[in-house]
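Notes for the structure review
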Amino acid sequence: LELSYTAYSDDPGPSATATVAIRIRPKIKLRITPHLSYNGRSIRWTGTVTGGPYPRQGVTLDVEVREGRRWRIFDQVVANSKGRFHYSYRFHATDEPTTYTFRVGLPDSGSGGYPYTPGASNSVNVHVNP
């Protein structure tokens, strides 16, 4: 967005100009079911990315798990041209009862043709027994 001010009507150009970048994060909602699972079983992710227009190819989101204080990307999912996404994950290597925290996020690099800044969904905990 560019703003300009001209002090007098006969001035040859603006007295002052300013440029402002408006950065908006999309609202991303995530739901995972079930919240209790076992090795060999799957959890199902559904969600929405609020904020269009959406590019024809959809919006690429990173699938993330929390490891300590950091988020680690382990896959990607694409929200369709209406902002909806579905994903499934099967547990296979949990050795002891563990609670995992998951989320999805718009990558730092963005998603081609989607004009929003990076952001993440709500986080969801899933407890897994071996």
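Residues numbered from 1 in each chain as written. Predicted model: local features only at pLDDT ≥ 70, side-chain atom pairs only at ≥ 80, totals over all residues. Heavy atoms only, no water.

Here we take up the overall build of the protein. On a plain count of helices and strands, the protein comes out with zero helices and eleven strands. Starting at the N terminus and ending at the C terminus, the protein contains elements arranged as β-β-β-β-β-β-β-β-β-β-β. Here the C-alpha atoms of the protein give a radius of gyration of 21 Å, more than 25% beyond the 14 Å that 2.2 N^0.38 yields for 130 residues. Reported as C-alpha extents along the three principal axes, the dimensions of the protein are approximately 80 × 30 × 20 Å. Considering only residue pairs separated by 6 or more positions, the protein has 59% of its internal contacts joining residues 24 or more positions apart. Looking at the protein as shown, the accessible area adds up to about 8600 Å², and 48% of this sits on carbon and sulfur atoms. Of note, the protein has its 16 positive side-chain charges centred 13 Å away from the centre of its 10 negative side-chain charges. (Helix = DSSP H or I, 4+ residues; strand = E, 2+ residues; numbered from the N terminus. Rg over C-alpha atoms; globule rule 2.2 N^0.38 Å. Contact = heavy atoms within 4.5 Å. Areas by Shrake-Rupley, 256 points an atom, 1.4 Å probe, with all protein chains shown as cover. Lys, Arg positive; Asp, Glu negative; His and termini not counted. Charge placed at Lys NZ, Arg CZ, Asp CG, Glu CD.)

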